[in-house]
Every structure is written in structure tokens, then in C-alpha cells.
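Residue strings, one per chain:
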Amino acid sequence: MSETNGKCGCDAEVESPGKRKLLGWIVGVINLGLIAAIVGPVAGFIGSPLARKRKGTWIELANVDDIADGSIEEIPFSIEVKDGYRIAEHKYSVFLRREANSFTAFDPACTHLGCRIKYQQRQHRFICPCHGGVFDDSGNVVSGPPPRSLDTHKLKIEAGKVWLYKEV
Amino acid sequence: MARETLTPESPVEHPSPPTTPEEKLERDRPGLKEWLDLRLGWWGFVRKNLDEEMPPGVGWWQTLGNLLLTLLIFQFTTGVALAMFYTASPEGAYQSVKHITYEVPLGSFVRGLHIWGSSAIVVVMVLHTLRVFFWGSYKKPRELTWVVGVLIFQVILAFSFTGYLLPWDQKAYWATVVGTRIAGTVPFIGDSLVVLIRGSEEVGALTLTRFYAAHVMILPAILLALVGLHLYLVRRHHIAGPVVPQRGKPVPFYPNQLFKDAVVLLFGIGIVIYFALAFPPSLEALADPTGTDFAPRPEWYFLGLYELLKIMPPGYELLATIIIPGMISIGMLILPWLDRSKSRHPAARQWIIFMGLAVILLIGVLTLKGILETPVHPEGGHSAVANFVPLT
């Protein structure tokens with residue numbers, strides 16, 4: 001059942017409105033299916049890092065006796081990390097603070113935007129070189145834009161050594 | 001009273017009532033949807049394309065162009081996704097493709113879509129070209145549509161040649177060593193040409209980065225421009241219609257032809273998805289320039305050229321590497337001017353049809369010979385051909 005009407009402003013053979021609508025629907029459904037067929041797998045593939053499970057591990061940081069009471073020291077360490085297709089030796093460090101027998105490990109990333117902080121021994125301050133964030137010895141914000149105190153890592157003392165828990 | 005004193009030069013203060021829906025919308029402060037449509041003219045553009053008149057007799061054979069376009073969009077999408085995980089260095093390429101294939105969720109499927117998609121593109125492109133050839137649709141006024149199509153054909157072959165190296169396994173490496181060596185047979189400048197293509201005397205890190213840059217930057221830019229021009233020309237000169245004009249009135253593109261397009265897309269893309277799932281990609285051993293037990297083989301659609309080289313007697317190599325492929329390419333490019341007949345009917349252009357059939361037969365037989373002689377790889381059949389052979 002086809003009829004000629006002026007719907008397309010041409011002299012063409014035009015299908016009945018019912019058939020036009022039905023075919024339009026089928027075309028729409030097929031197109032949506034095709035879009036889903038490509039967008040779905042590609043989104044899952046690109047978004048797969050979101051599903052990656054982080055693995056935690058204990059790292060030996062220092063001998064308890066090597067850290068003087070009241071001091072803050074930067075301790076570097078490295079971990080083998082699965083970095084995409086490769087296994088890489090990633091370098092990290094923490095600022096280890098000792099007060100009597102209590103240890104704290106501050107993450108060196110400024111809580112503002114992640115720049116690496118430096119410790120100024122004389123002023124007893126952690127300074128962020130990027131936007132002027134300042135933290136005290138306890139990691140609390142003294143001035144500048146950082147929204148919260150320095151992040152700390154989980155520690156344990158075992159067999160006379162300080163161990164740090166790190167998730168990568 | 002003031003209106004009566006107006007002269008023709010004086011502006012009319014009160015505008016006349018709007019006459020078209022567009023004018024009415026302009027004055028009635030349109031909503032966002034109407035405003036966007038007024039500015040972009042999107043709906044008018046869509047309508048114009050949906051209402052495009054098709055000559056009677058246009059049908060399933062005219063769906064191949066749309067399928068090809070959709071396959072290219074799929075290829076582009078999976079390619080971008082793969083590039084996010086790929087590393088173009090001899091140290092990283094193989095490991096990153098291995099990571100994509102065996103470790104990243106959906107990586108095997110996305111890579112499978114890309115690999116099988118490339119084969120599907122070649123198949124559909126050949127069918128599309130053959131349809132236009134036998135229908136004589138390249139004739140006046142569609143000469144440039146054909147020429148641009150032939151250029152797209154060559155760009156796509158360049159895509160598969162450059163993409164083949166990227167996994168940096170034995171198959172990729174040796175196919176590229178042999179493939180690039182073909183340029184060395186060009187008289188006088190051959191050796192320099194090989195260095196220029198490889199980026200070095202030997203296939204190595206610079207070849208990989210060169211091929212990668214071509215595959216993901218240069219060729220996509222060229223392809224995008226050519227496909228845009230091709231589509232513009234198709235719309236400018238419209239679909240050619242059957243060789244013998246059919247009786248009846250023209251039919252608008254929507255809904256019948258678009259419906260046929262959608263059905264073909266469903267099957268075409270469905271087949272690629274099936275192959276990606278049923279024959280997942282894998283990797284051969286890491287490229288080894290010192291390996292002597294590996295017989296280099298190209299992707300199946302280059303097997304015709306490969307076999308041609310094999311059957312050529314010594315001393316006639318240039319014929320297989322440059323002269324015959326070159327003549328076929330140039331012949332295709334100038335086809336609309338080689339074929340002087342006014343009629344599109346095959347009977348009216350017998351020698352062109354004969355030449356075309358000869359070329360198709362040559363490539364077809366050589367490709368088939370190559371496929372049949374492809375050994376199924378002992379490691380489980382990794383190449384597209386090796387995967388395909390058990391089915392035939």
C-alpha cells in the first residue's frame with residue numbers, strides 16, 4: 001500500500017504513514033543496538049582500570065633504633081608495581097616522625113593538589129612549593145590552601161623495625 | 001494618519017505578520033530546541049537526506065556503502081580504545097598487545113573487533129567497488145566519486161599494512177620486512193625508498209613509530225577528508241540506479257532504503273562480532289630478527305600480491321612488485337576516462353568488463369592459492385587466515 005503524497009516535497013513514491021512509522025522504529029532499534037554493541041565493550045575496556053583491585057603489602061622502612069626521638073626523616077623505598085603491561089620499580093618516600101615510641105609516616109603529597117612537600121628542619125614546617133601550603137610537625141595545616149592535614153600511612157613495629165603498609 | 005504619509009523610501013515601522021514558520025519562531029522568542037534548529041538547520045538537513053530520491057530499482061546492493069562507513073566508524077572507535085593501551089616501541093609493543101589480549105577486561109574482544117573489522121572492511125570495500133564497476137556507476141557525472149573511492153581503497157590498504165606491524169610479533173615483523181622490501185625494487189631510488197619507509201636500513205624502532213604515526217594520525221586524517229568528499233559527491237550526484245532504468249516513480253531514502261541499510265548493518269556488524277568472539281585474537285612469538293624458521297606471510301588480502309611475487313620468474317620481479325599492481329591502481333583511477341562508451345550497460349563496454357574480470361580472476365585465484373597454501377600455525381593458528389582455514 002503506497003501512495004503519493006507531498007510529504008517529502010518531491011514526486012517520489014511515499015509509504016503509508018503506518019509503514020513509515022514501523023520501519024522507522026525498526027531502524028531506530030537496530031541503530032541503538034549497533035551503538036550499544038560498540039560503545040558497551042569499548043567503554044568497559046577503557047574503563048577497566050576502575051575495576052582494578054589494589055594490592056596491599058608491608059614494606060620494611062627502617063630500624064627503630066636508627067630514627068632519633070623527636071626527629072622527622074624522609075625515607076625512600078620502592079615497590080614492584082604492575083604498571084599496565086609492565087612490571088616497574090616505582091619509587092616512593094614518606095616522612096617518618098618519631099615521638100618517644102610512637103611513629104607517624106606522612107605521605108609527601110600535599111593535600112591541596114598533590115605536589116611534593118619539603119620538610120624545613122629549622123622552622124619545623126612542611127612546605128608545599130606549588131601554592132604555599134604549610135603544615136606543622138604533626139601534619140596539621142598552618143596556612144595556605146590545603147583542605148586537611150597531611151595523609152598518614154598505616155605502620156607496625158615488628159622485630160625492631162618499622163613496617164609500612166602500602167596499597168598499589 | 002502617519003502611515004499615509006510614508007514614502008516608498010521610508011522604513012515601515014510595523015513589520016508584516018510572519019509568513020513562514022521560521023519567521024514566526026524568530027519573533028516568538030523560540031525555546032532552546034527551536035533556537036538550536038534555527039541556527040543549525042539540523043532537522044532540515046536530516047529531512048533532506050531522508051527524503052533523498054532513489055531511482056526505482058535501488059535496493060540491497062546500494063547498502064554496501066553504508067555498511068562500509070559503519071565498519072570504518074567501528075574501526076575508528078576500537079582503534080582509539082586500543083591506542084590507549086598500546087605502546088609503540090620494540091620493548092613495549094609486544095608486551096602491551098599481550099596485556100590488551102590476555103589481561104585487560106574486554107581487551108581480547110575489542111582487539112578482535114579491530115582485527116576482524118579490518119578484514120570485513122576489505123571484503124565489503126571490494127564488493128562495493130565491484131557493484132559500482134559492474135553497474136557502470138562511475139560514468140559521467142560520477143567520475144570523481146569513483147576516483148575518491150579508489151583513493152579510499154588505497155588508503156585502507158595502507159591502513160592494514162601499517163597496522164599489521166604494530167603487535168611486533170614474528171608475523172608482523174617478517175611481513176613488514178618483506179613488504180617494505182618491495183619498495184626496494186623500484187629502479188634507481190629503491191634503496192632510498194626503503195630507508196624512507198622504514199626510517200632506517202632495517203625494520204626496527206623507527207619503523208614501528210613511523211608506521212604507528214601513519215596508522216593513527218596521517219592515514220585517519222586523509223581517510224576522513226576522502227570519506228567526507230565521497231559522501232558529499234554521492235549526495236551531489238545522487239545514486240546512479242540500475243543499469244537499465246526501471247519503471248516506476250523514485251522512492252525516498254526513508255524508510256525503505258534506510259531499513260535495508262539497517263538490516264545489512266545488523267548482519268554485517270553481527271558477523272564481525274561473531275568472529276571476534278568465536279576466533280579471538282592471539283599473538284605469535286616476539287619478533288626475532290635472527291629467526292630462520294619463520295616463513296613470512298602477509299595478511300590474507302595481500303596474499304594475491306605475495307603469490308604473484310612467488311610465481312614470477314627471476315629477473316621479472318619488478319613486474320610483480322611495481323608494474324602489475326601499479327597498472328591496476330592507475331587503471332582503476334582513470335577508469336571513467338578509459339571507458340568511453342556512453343551506455344552503462346555491460347554489453348556496451350565489453351572490453352572494460354573483460355579487463356575487469358581478468359583482474360578479478362587474477363587477484364581471486366592468486367589469493368585463493370595463497371589461502372589454501374597457508375599453513376595452520378602449529379601454535380594454534382593465530383593469523384586471520386589460519387583461523388579461517390578450518391572453516392573452508
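See the structure shown above.
A short tour of the structure in this document, coming up. This one's a predicted model, so the numbers in the text were calculated from it and none came from an experiment.

**What to know about the overall build of chain A**
Then, number 1: Of the regular secondary structure elements, chain A holds one helix and 13 strands.
Then, number 2: Going from N to C terminus, chain A has its helices and strands arranged as β-β-α-β-β-β-β-β-β-β-β-β-β-β.
Then, number 3: Over its C-alpha trace chain A gives a radius of gyration of 30 Å, far above what one expects of a compact globule, namely 15 Å for 168 residues.
Then, number 4: Across its three principal directions, the C-alpha atoms of chain A cover 95 × 35 × 20 Å.
Then, number 5: Taking all 168 residues of chain A together, the buried fraction comes to 36%.
Then, number 6: Once local pairs closer than 6 in sequence are excluded, the contacts in chain A between residues at least 24 apart make up 43%.
Then, number 7: By element, 53% of the accessible surface of chain A is carried by carbon and sulfur atoms, the whole surface being about 9900 Å².
Then, number 8: On chain A, the mean spot of the 22 positive side-chain charges and the mean spot of the 20 negative ones are 3 Å from each other.

**So, the interface of chain A and chain B**
Then, number 1: With 29 residues of chain A at the interface, the matching set in chain B holds 39 residues.
Then, number 2: Note on chain A versus chain B: buried area summed over both sides is about 2900 Å², and carbon and sulfur give 75% of it.
Then, number 3: Seen at the junction of chain A and chain B, the total is one salt bridge.
Then, number 4: The shortest N-O distance in the salt bridge between Lys82(A) and Glu103(B) comes to 3.0 Å.
Then, number 5: Across the contact surface, chain A and chain B share three residue pairs in polar contact (both at pLDDT 80 or more).
Then, number 6: Those elements that provide at least two residues to the side of chain A that touches chain B are β2 (14-15) and α1 (17-46) of chain A.
Then, number 7: Ranked by the residues each element gives to the side of chain A that touches chain B, the list is headed by α1(A), at 16 residues.
Then, number 8: Here the residues of the side of chain A that touches chain B are counted per class, giving 16 nonpolar, six polar and seven charged.

**Let's talk about helix α8 (residues 170-181) of chain B**
Then, number 1: Relative to the 16 Å expected for twelve residues at 1.5 Å per residue, α8(B) spans 16 Å between its end C-alpha atoms, a close match to the ideal helical length.
Then, number 2: Those residues of α8(B) not exposed but buried are Gln170(B), Lys171(B), Ala172(B), Tyr173(B), Trp174(B), Ala175(B), Thr176(B), Val177(B), Gly179(B) and Thr180(B).

**A closer look at the packing of helix α9 (residues 190-198) of chain B against helix α10 (residues 205-237) of chain B**
Residues and elements named next belong to chain B.
Then, number 1: In contact at an axis separation of 7 Å, α9 and α10 are set at 70° when each is read in the N-to-C sense. As judged from the angle between their axes, α9 and α10 are roughly perpendicular. In this structure, α9 uses Leu196, Ile197 and Arg198 to contact α10, whose residues at the interface are Leu206, Thr207, Arg210 and Phe211.
Then, number 2: A breakdown of the residues in the contact of α9 with α10 according to their chemical character gives four nonpolar, one polar and two charged.

**Some remarks on the sheet that holds strand β13 (residues 161-167) of chain A**
Residue and element names in this part refer to chain A.
Then, number 1: One open sheet holds the three strands; their spatial order is β3-β13-β12, and the pairing between them is antiparallel. What marks the edges here is a single partner per strand, and that holds for β3 (56-63) and β12 (155-158). Strand-to-strand twist of the sheet, defined as the mean angle between neighbouring strand axes without regard to direction, takes the value 30°.

**Details of the state of the cysteines**
Residues and elements named next belong to chain A.
Then, number 1: The tally for this structure, following the rule as stated, stands at one disulfide over all chains.
Then, number 2: The disulfide bridge from Cys115 ends at Cys130, spanning 1.9 Å between sulfur atoms. Measuring the twist about the S-S bond at about -95°, one finds the Cys115-Cys130 disulfide to be left-handed. Note that Cys115 is positioned in the loop between β6 (102-106) and β7 (118-120) and Cys130 in the loop between β8 (125-127) and β9 (134-136), a separation of 15 residues in sequence.
Then, number 3: According to the relative accessible area criterion, Cys115 is buried, its value standing at 19%.
Then, number 4: Given a relative accessible area of 40%, Cys130 falls into the partly exposed group.
Then, number 5: Unpaired in terms of disulfides, Cys110 finds its nearest cysteine sulfur in Cys128, a separation of 3.8 Å.
Then, number 6: Accessibility expressed as a relative area gives 4% for Cys128, which makes it buried.

**Thoughts on the sheet that holds β7(A)**
Residues and elements named next belong to chain A.
Then, number 1: The four strands lie next to each other as β7-β8-β9-β10, forming an open sheet whose pairing is antiparallel. Each edge of the sheet is formed by a strand with only one pairing partner; in this case those strands are β7 and β10 (141-143). Across the sheet, the mean angle separating the axes of adjacent strands is 35° when strand polarity is ignored.
Then, number 2: Direction of pairing for β9 relative to β10: antiparallel, over a ladder of two bridges. Its bridge partner lying in β10, Phe135 is registered against Val141.

**What about the environment of Phe302(B)?**
Residue and element names in this part refer to chain B.
Then, number 1: The topology assignment puts Phe302 in the loop between α11 (253-278) and α12 (303-311).
Then, number 2: The class of Phe302 is buried, set by a relative accessible area of 19%.
Then, number 3: Taking the C-alpha atoms as reference points, Phe302 and Ser160, separated by 142 residues in sequence, lie 9.5 Å from one another.
Then, number 4: Dropping the residues within four chain positions of it, Phe302 is found in contact with Leu157, Ser160 and Phe161.

**Side note on a nonpolar patch on the surface**
Residue and element names in this part refer to chain B.
Then, number 1: A contiguous nonpolar patch, built from Leu144, Ile330, Ile334, Trp337, Leu338, Trp351, Phe354 and Met355 and spanning about 850 Å² of accessible area, is present on the exposed surface.
Then, number 2: Those elements that place two or more of their residues in the nonpolar patch are α14 (335-338) and α15 (350-373).
Then, number 3: With three residues, α15 is the largest single contributor of residues to the nonpolar patch.
Then, number 4: One can find Leu144 in helix α7 (residues 143-165).

**Concerning the pairing of β13(A)**
Residues and elements named next belong to chain A.
Then, number 1: In β13, alternate side chains face the same way, and those of Val162, Leu164 and Lys166 are buried while those of Lys161, Trp163, Tyr165 and Glu167 on the opposite face are not.
Then, number 2: Here β3 runs beside β13; their pairing, made up of seven bridges, is antiparallel. Following the sheet pairing, Trp58 is matched in β13 by Tyr165.
Then, number 3: A loop of two residues connects β12 with β13, the two strands running antiparallel in sequence, and Ala159 in this loop sits at a positive phi of about 55°.

**Points about the side chain of Arg297(B)**
All names here are of chain B.
Then, number 1: For Arg297, the position within the fold is in the loop between α11 and α12.
Then, number 2: Summary of buried charges: Arg297 has no salt-bridge partner, and the nearest side chain of opposite charge, Glu307, is 4.3 Å away.
Then, number 3: Apart from residues lying up to four places away in sequence, Arg297 is in contact with Tyr164, Lys171, Ala175, Leu303, Tyr306, Glu307, Gly370, Glu373, Thr374 and Pro375.

**Re the packing of aromatic side chains**
Then, number 1: Scanning all chains against the criterion turns up 21 aromatic pairs over all chains.
Then, number 2: For the ring pair Tyr138(B) and Trp146(B), a centre distance of 5.4 Å and an interplane angle of 55° mean the geometry is tilted.
Then, number 3: Of the residues examined, Tyr138(B) reaches a relative accessible area of 0% and is grouped as buried.
Then, number 4: By the ring-pair criterion, three or more aromatic residues cluster together here, those being Phe161(B), Phe211(B), Trp300(B), Tyr301(B) and Phe302(B).
Then, number 5: The residue whose ring lies beneath Lys156(A) is Trp163(A), and the NZ or CZ to ring-centre distance is 6.0 Å.
Then, number 6: Above the plane of the ring of Trp135(B) lies Arg131(B), whose end atom (NZ or CZ) is 5.5 Å from the centre.

Parameters at a glance
- Residues numbered from 1 in each chain as written.
- Chains lettered and ligands numbered in written order.
- Predicted model: local features only at pLDDT ≥ 70, side-chain atom pairs only at ≥ 80, totals over all residues.
- Heavy atoms only, no water.
- Helix = DSSP H or I, 4+ residues; strand = E, 2+ residues; numbered from the N terminus.
- Rg over C-alpha atoms; globule rule 2.2 N^0.38 Å.
- Buried < 20%, exposed > 50% of the residue type's maximum accessible area, 1.4 Å probe, protein only.
- Contact = heavy atoms within 4.5 Å.
- Areas by Shrake-Rupley, 256 points an atom, 1.4 Å probe, with all protein chains shown as cover.
- Lys, Arg positive; Asp, Glu negative; His and termini not counted.
- Charge placed at Lys NZ, Arg CZ, Asp CG, Glu CD.
- Buried area = accessible area lost by both parts, 1.4 Å probe.
- Salt bridge = Lys/Arg side-chain N within 4 Å of Asp/Glu carboxyl O.
- Polar contact = N/O pair within 3.5 Å; in protein donor to acceptor, adjacent residues only side chain to side chain.
- Nonpolar A, V, L, I, M, F, W, Y, C, P; charged D, E, K, R; others polar.
- Expected span 1.5 Å × (residues − 1).
- Axes fitted to C-alpha atoms, helices over the stretch in contact; angles between N-to-C directions.
- Parallel < 35°, antiparallel > 145°, perpendicular 65-115°, else oblique.
- Pairing = 2+ DSSP bridges.
- Disulfide = S-S within 2.5 Å.
- Patch = residues over 30% accessible without salt bridge, like charges linked within 9 Å, V, L, I, M, F, W, Y side chains within 5 Å.
- Phe/Tyr/Trp six-rings, centres within 6.5 Å; stacked < 30°, edge-to-face > 60°.
- Lys NZ or Arg CZ within 6 Å of the ring centre and 35° of its normal.

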